[in-house]
Amino acid sequence: MAPIIRPATKADMSALSNICLLTANAGTSSEHLHSHPALPGLIYALPYLSLESTWGFVLENDGEVVGYTLGAFDTRKFEESAEAGWWPSLRARYTPLLQDSDAALTPADKAYINTIITFPRASDAMMAFAPAHLHIDILPSHQRQGWGRKLIARAMENLKENDVKSVWLGMDPKNTEAAAFYSRLGFRKFEGAEEGIMGIAVHEWEEHTV
């Protein structure tokens, strides 16, 4: 059976967390970098199944989730919702580990915990370009088969249905393959954007994919 794209649900949380871990090292696996492997997903995937103004779609193949695109229609609302209902419990859980010599934290663990403690807000330049943002990750087994483009297409359709005019995304600047992929789809750097940030307007996407 061919893979399908469907709305993400909370039943997908474990799969999304795993995909995030397996793609978090500039597009490659970060399993070897963590003693707490849940951390990448807790920051960059699972909030989008729980918080205000979020949406998500998964790529499913024979009952297995192998990719996703997740995002927020309004990034400021997402940030406020996370500050109120997502980060506090994670801070209470993970912050003490930074002072625990028995916690055996890796450098990557520490970096992610510090991100949880002080999650960076989107810049004014990013918000000026678009209120919305998205993430996309696909397991290597389903990359380079056109599924990334199809997931982005579903995301753009969803944004248009909700009257969102443009969107941005962030990536590890070291992930040059991802940058090339987004460029082929019409994403571009915009004024004031930090390194690794690219965006596109919905009408630009439609013109690019005609």
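Please read these numbers as outputs of a predicted model, since none were measured by experiment.

Trainee: Help me out: how do you make sense of the pairing of strand β2 (residues 54-61) in this one?
Mentor: Each regular strand carries side chains that alternate between the two faces of the sheet. Most of β2 sits inside the fold, with 8 of its 8 residues counted as buried. Where burial is concerned, the two faces of β2 agree: the one with Thr54, Gly56, Val58 and Glu60 and the one with Trp55, Phe57, Leu59 and Asn61 are both buried. With 4 bridges connecting them, strand β1 (residues 4-7) and β2 associate as antiparallel partners. Looking across to β2, one finds that Ile5 is bridged to Leu59. With 8 bridges joining them, β2 and strand β3 (residues 64-72) adopt antiparallel strand pairing. Residue pairing for β3: Val58 is matched across the bridge by Tyr68. Between β2 and β3, which follow one another and run antiparallel, lie 2 residues, and Asp62 among them has a positive phi close to 50°.

Trainee: Please clarify how the packing of aromatic side chains should be interpreted in this entry.
Mentor: Geometry of an aromatic ring pair is reported as the spacing of the ring centres plus the angle between the planes. Scanning the entire structure with this criterion turns up 8 aromatic pairs. Here the aromatic residues Trp55, Phe57 and Phe73 are joined through ring pairs into a cluster of three or more.

Trainee: Could you clarify how one ought to interpret the environment of Ala178 in this entry?
Mentor: Looking at where Ala178 falls in the secondary structure, it is placed in helix α8 (residues 176-184). Residue classification places Ala178 among the buried residues on the basis of a relative accessible area of 13%.

Trainee: Please clarify how the side chain of Glu79 should be interpreted in this entry.
Mentor: Its place among the elements puts Glu79 in helix α3 (residues 75-85). Residue classification places Glu79 among the buried residues on the basis of a relative accessible area of 9%. There is a polar contact of 3.4 Å between the side chain of Glu79 and the side chain of Arg121. Contacts of Glu79, omitting those with residues within four sequence positions, involve Pro120, Arg121 and Ala122.

Trainee: In this structure, what is going on with helix α7 (residues 147-161)? I would like to understand it.
Mentor: Residues lying three or four places apart along an α-helix face the same way, a consequence of the helix completing one turn every 3.6 residues. Between its first and last C-alpha atoms α7 spans 21 Å; for 15 residues at 1.5 Å apiece the expected length is 21 Å, and the two agree. Among all positions of α7, only Trp147, Gly148, Leu151, Ile152, Ala155, Met156, Asn158 and Leu159 are buried. Backbone geometry just after α7 places Asp163 at a positive phi near 60°.

Trainee: Quick question: what am I supposed to make of the packing of α3 against helix α4 (residues 87-94) here?
Mentor: In helix packing, the relevant descriptors are the interaxial angle and the interaxial distance, both defined with respect to the helix axes. Where α3 contacts α4, the axes come no closer than 4 Å and their chain directions differ by 45°. Here α3 is positioned oblique relative to α4, judged by the angle of their axes. Side by side, α3 and α4 meet where Ala82, Glu83, Ala84 and Gly85 of the first sit next to Trp87, Pro88 and Arg91 of the second.

Trainee: So what exactly am I meant to see when it comes to the pairing of β3 here?
Mentor: For β3, the tally of buried residues reaches 8 of 9 residues, placing the bulk of the element in the interior. Relative to strand β4 (residues 132-138), β3 runs antiparallel, the two being bridged by 6 bridges. In the sheet register, Ala72 faces β4, and the bridge partner there is His133.

Trainee: Help me out: how do you make sense of the nonpolar core in this one?
Mentor: In globular proteins that are soluble, nonpolar side chains generally tend to be buried together. Counting residues in each nonpolar core, the largest one holds 58 residues, and the members touching the most others are Leu16, Leu159 and Phe187. Of the residues forming this core, the biggest block, 6 residues, is contributed by α7. Leave out the neighbours within four places in its chain, and Leu16 touches Ala45, Leu46, Leu49, Val58, Val65, Tyr68 and Leu70. With 8 residues, the next largest nonpolar core counts Met126, Met127, Trp168 and Phe190 among its residues.

Calculation criteria
- Residues numbered from 1 in each chain as written.
- Predicted model: local features only at pLDDT ≥ 70, side-chain atom pairs only at ≥ 80, totals over all residues.
- Heavy atoms only, no water.
- Buried < 20%, exposed > 50% of the residue type's maximum accessible area, 1.4 Å probe, protein only.
- Helix = DSSP H or I, 4+ residues; strand = E, 2+ residues; numbered from the N terminus.
- Pairing = 2+ DSSP bridges.
- Phe/Tyr/Trp six-rings, centres within 6.5 Å; stacked < 30°, edge-to-face > 60°.
- Polar contact = N/O pair within 3.5 Å; in protein donor to acceptor, adjacent residues only side chain to side chain.
- Contact = heavy atoms within 4.5 Å.
- Expected span 1.5 Å × (residues − 1).
- Axes fitted to C-alpha atoms, helices over the stretch in contact; angles between N-to-C directions.
- Parallel < 35°, antiparallel > 145°, perpendicular 65-115°, else oblique.
- Core = buried A, V, L, I, M, F, W, Y, C linked by side-chain atoms within 4.5 Å.

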